[in-house]
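Commentary on secondary and tertiary structure
Here's the letter readout for the chains.
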Amino acid sequence: MGLAAVELQVGDVVAVRDETPTHHHRTPWFVKGKTGRITSISGPFLNPESRAHGGDGLPKRHLCSVEFRQVDLWGERYRENDRDRLLVDIYEHWLER
């Protein structure tokens with residue numbers, strides 16, 4: 001008990017859940033609903049979303065570094081090189097294949 005199963009792998013294309021919970025969470029608004037590629041996976045770590053509310057942080061969660069194309073995040077507002085990328089660390093329960 002206490003460890004979430006890792007189904008995601010480095011290289012997987014994932015979508016970030018497009019949700020706005022009323023409780024504490026660490027997923028930036030600008031990646032919600034966006035698609036990226038996992039570049040690394042670390043952990044497991046206690047889940048900060050439940051720890052912030054006095055919970056035990058279980059099950060533990062893996063932290064995935066997800067690479068997004070800047071133009072996919074910012075659209076026409078991004079006027080730099082279309083090959084530019086942004087890496088964001090996102091807990092696995094926010095990601096879907």
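Cut-offs applied
- Residues numbered from 1 in each chain as written.
- Predicted model: local features only at pLDDT ≥ 70, side-chain atom pairs only at ≥ 80, totals over all residues.
- Heavy atoms only, no water.
- Phe/Tyr/Trp six-rings, centres within 6.5 Å; stacked < 30°, edge-to-face > 60°.
- Helix = DSSP H or I, 4+ residues; strand = E, 2+ residues; numbered from the N terminus.
- Buried < 20%, exposed > 50% of the residue type's maximum accessible area, 1.4 Å probe, protein only.
- Lys NZ or Arg CZ within 6 Å of the ring centre and 35° of its normal.
- Core = buried A, V, L, I, M, F, W, Y, C linked by side-chain atoms within 4.5 Å.
- Contact = heavy atoms within 4.5 Å.
- Polar contact = N/O pair within 3.5 Å; in protein donor to acceptor, adjacent residues only side chain to side chain.
- Lys, Arg positive; Asp, Glu negative; His and termini not counted.
- Salt bridge = Lys/Arg side-chain N within 4 Å of Asp/Glu carboxyl O.
- Pairing = 2+ DSSP bridges.

**So, the packing of aromatic side chains**
Summed over the entire model, instances satisfying the criterion amount to 3 aromatic pairs. Ring plane angle 75° and centroid distance 6.2 Å describe the contact between Trp 29 and Trp 74, whose orientation is recorded as edge-to-face. Within this pair, whereas Trp 29 is found in the loop between strand E1 (13-16) and strand E2 (35-45), its partner Trp 74 is found in helix H2 (residues 70-74), the two being separated by 45 residues in sequence. Its relative accessible area of 24% is what places Trp 74 among the partly exposed residues. Over the ring of Trp 94 we find Arg 17; its NZ or CZ atom is 4.6 Å from the centre of that ring.

**Some words on the nonpolar core**
The biggest cluster of nonpolar side chains holds 13 residues, and the ones touching the most others in it are Val 16, Val 31, Ile 38, Val 66, Phe 68, Ile 90 and Leu 95. For this core, the elements supplying multiple residues, two or more each, are E1, strand E3 (61-69) and strand E4 (85-91). The biggest single contributor to this core is E3, with 3 residues. Those residues in contact with Val 16 that lie beyond four places of it in its chain are Thr 27, Val 31, Lys 32, Gly 33, Lys 34, Phe 68, Ile 90, Trp 94 and Leu 95.

**Looking at the environment of Arg 37**
Following the sequence through the fold, Arg 37 ends up in strand E2. Note: C-alpha distance between Arg 37 and Val 88 (51 residues apart in sequence) is 10 Å. Those residues in contact with Arg 37 that lie beyond four places of it in its chain are Gly 11, Asp 12, Val 13, Ser 65, Val 66 and Glu 67. At 2.8 Å, the side chain of Arg 37 forms a polar contact with the backbone oxygen of Gly 11.

**Some details on the side chain of Lys 32**
With respect to the helices and strands, Lys 32 occurs in the loop between E1 and E2. Buried and unpaired, Lys 32 has Asp 18 as its nearest opposite-charge partner, separated by 6.5 Å. Every residue in contact with Lys 32, bar those within four places of it in the chain, is listed here: Val 16, Arg 17, Asp 18, Glu 19, Thr 20, Pro 21, His 25, Thr 27 and Trp 94.

**Focus: the pairing of E3**
Along E3, 7 of the 9 residues are buried, which leaves the element largely enclosed by surrounding structure. With 6 bridges connecting them, E2 and E3 associate as antiparallel partners. Its bridge partner lying in E3, Ile 41 is registered against Cys 64. Pairing geometry for E3 and E4, over 7 bridges, is antiparallel. For Ser 65, the partnering residue across the bridge sits in E4 and is Asp 89.

So, to be careful, I would describe these as geometric facts and stop short of saying anything about function.
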